[in-house]
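Results of the structural survey
Chain by chain, the residues run as shown.
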Protein chains: 2
Amino acid sequence: MKISTKGRYALRLMLDLALHDNDAPVRIKDIAARQEISDKYLEQIISSLNKAGYVKSIRGPQGGYKLAKAPSYYTVGMILRLTEGSLAPVACLDDEVNQCIRQESCATLELWRRLDDAIKSVVDTITLANLVEWQEEKIDNYII
Amino acid sequence: MKISTKGRYALRLMLDLALHDNDAPVRIKDIAARQEISDKYLEQIISSLNKAGYVKSIRGPQGGYKLAKAPSYYTVGMILRLTEGSLAPVACLDDEVNQCIRQESCATLELWRRLDDAIKSVVDTITLANLVEWQEEKIDNYII
DNA sequence: CTATTATACTACTATATTACTAGGAATTGC
DNA sequence: GCAATTCCTAGTAATATAGTAGTATAATAG
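Below you will find a few notes about this structure. None of these values were measured; they are calculated from a predicted model.

Attention shifts here to the protein's contact with DNA strand D. Not every one of the 26 residues close to DNA strand D is listed here, only the nearest: Gln44(A), Arg59(A), Arg27(B), Ser57(B) and Tyr65(B). Here, DNA strand D places atoms within 4 Å of the protein, and 62% of those atoms are sugar or phosphate. Separating a phosphate oxygen of DNA strand D from a side-chain N or O atom of Thr5(A) is a distance of 3.0 Å. A distance of 2.5 Å separates a base oxygen of DNA strand D from a polar side-chain atom of Lys40(A). When residues of the surface near DNA strand D are traced back to their parent elements, those giving at least two are helix H1 (5-19) and helix H3 (39-51) of chain A together with helix H2 (28-35), helix H3 (39-51), strand S1 (55-58) and strand S2 (64-67) of chain B. By residue number, the principal contributor to the surface near DNA strand D is H3(B), which donates five residues.

As structure tokens, this is what we get:
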């Protein structure tokens, strides 16, 4: 029941892009240095964000990445589901293929539904913009 | 972010014990047959529940297992944490050993805290007794 | 037009975890 | 003492995780 590095890195990567969103695109190398993450691994992660259209890439010198839309557009759930896969606590909530025969008589299914709802209520309401806010509050606290 | 078979089986096992709680202890073989789970695997899982004192075992012929306390005593969280380990979505919420240096400036930590709270609000309030209720409702629906 | 800087793509790999299986030892009721 | 049951330990195939490595491709500055 842990979020893997892939999902956590993807979030920090997107947050980093949101925080450094001026005209110039941000290079993987810089994100990797700031976040202390392997740049080669980040490259793979950002590649899937790119394919999904969450970021846009600019190749060549002075190239890098930018968010495709405003931070408020991206929920944490969007980013985590893209990199982690489904966030449902059990496979039988995912799709019809994984549904088991016990479904109808399974009391634990109700539990998993409630857990799933609780998880969704967090990841589908918090956006990158919220993370940006929180980050800026933390920085303010440091200055004070 | 999935609950493993170990945790899911442990829940179904405890629910099975709660549902068949008359005088006679329940044999692993019977639980395994009803739940369609490998009995050897169940044996391992119940062993940790036994060591934790959640069930009591009776050896020899006519032996088996019984719940140590009433179903309302056991939250889903107790059972899952025992078999799955921590249910926190990231390791830095678990213990001091796993806390990272970025803690103070990490905006995603606030996200993980909220996700953790959401998960806890479900698993620490729902008990085996609730699962028993739901199971009995399902059975009633079948009869109607 | 070429050297440089950056992303893009694909393959490989070490380690850990999951989900069991197998076999025998210990206990106890009849 | 025999059969039924739990108890204990070790092994293992398959999958997932968390990267590393190397090369190809594109764009730009000079």
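That covers the picture; the talk isn't over yet.
Let's shift gears to the side chain of Gln135(B). Within the fold, Gln135(B) resides in helix H6 (residues 128-143). In contact with Gln135(B), not counting residues within four places along its chain, are Ser105(A), Ala107(A), Leu15(B) and Leu19(B).

Now for unusual backbone geometry. Residues and elements named next belong to chain A. Even without a glycine there, the phi angle at glutamate 36 is positive, about 55°. Among the structural elements, glutamate 36 can be located in the loop between helix H2 (28-35) and H3. Taking relative accessible area as the criterion, glutamate 36 reaches 62% and is therefore assigned exposed.

Below, the discussion takes up the nonpolar core. The biggest cluster of nonpolar side chains holds 90 residues, and the ones touching the most others in it are Met14(A), Leu49(A), Leu111(A), Leu128(A), Met14(B), Leu111(B) and Leu128(B). Beyond its immediate stretch of four places on either side in the chain, Leu128(A) contacts Met14(A), Leu15(A), Ala18(A), Leu67(A), Pro71(A), Tyr74(A) and Ile79(A).

Attention now goes to the protein's contact with DNA strand C. Among the 24 residues in the neighbourhood of DNA strand C, the closest are listed as Glu43(A), Ser57(A), Tyr65(A), Lys40(B) and Gln44(B). Of all atoms in DNA strand C that approach within 4 Å of the protein, 60% are sugar or phosphate atoms. Measuring from a phosphate oxygen of DNA strand C, one finds a backbone N or O atom of Ile28(A) at 3.0 Å. Interatomic distance of 2.6 Å between a side-chain N/O atom of Lys40(B) and a base oxygen of DNA strand C. Broken down by secondary-structure element, the contributors of at least two residues to the surface near DNA strand C are H3, strand S1 (55-58) and strand S2 (64-67) of chain A together with helix H1 (5-19) and H3 of chain B. No other element matches H3(A), which puts five residues into the surface near DNA strand C. Of the residues that constitute the surface near DNA strand C, the class distribution is seven nonpolar, ten polar and seven charged.

Mapping chain B onto chain A leaves a residual RMSD of 0.0 Å; the transformation is a rotation of 180° accompanied by 0.0 Å of translation along its axis. Between the two chains, the operation in question is that of a two-fold axis. Of every C-alpha in chain B, the one belonging to Met1(B) sits nearest the axis of rotation, 2.1 Å from it. Interface overlap between copies: 100% of the residues of chain B at the interface are likewise at the interface in chain A, consistent with a symmetric, same-surface contact.

Residue and element names in this part refer to chain A. With respect to the helices and strands, the residue aspartate 30 is situated in helix H2. Aspartate 30 sits in the partly exposed class, given a relative accessible area of 28%. Sequence separation of aspartate 30 and isoleucine 139 is 109 residues, and the distance between their C-alpha atoms is 19 Å.

Residues and elements named next belong to chain A. Tracing the backbone through its elements, the reader meets methionine 78 in helix H4 (residues 76-84). Distance in space between the C-alpha atoms of methionine 78 and leucine 19 is 18 Å, their sequence separation being 59 residues. Aside from chain neighbours lying at most four places away, what touches methionine 78 is Tyr54 and Tyr73.

The rules we used
- Residues numbered from 1 in each chain as written.
- Chains lettered and ligands numbered in written order.
- Predicted model: local features only at pLDDT ≥ 70, side-chain atom pairs only at ≥ 80, totals over all residues.
- Heavy atoms only, no water.
- Near = heavy atom within 4 Å.
- Polar contact = N/O pair within 3.5 Å; in protein donor to acceptor, adjacent residues only side chain to side chain.
- Helix = DSSP H or I, 4+ residues; strand = E, 2+ residues; numbered from the N terminus.
- Contact = heavy atoms within 4.5 Å.
- Buried < 20%, exposed > 50% of the residue type's maximum accessible area, 1.4 Å probe, protein only.
- Core = buried A, V, L, I, M, F, W, Y, C linked by side-chain atoms within 4.5 Å.
- Nonpolar A, V, L, I, M, F, W, Y, C, P; charged D, E, K, R; others polar.
- Least-squares fit on C-alpha atoms with pLDDT ≥ 70 in both.

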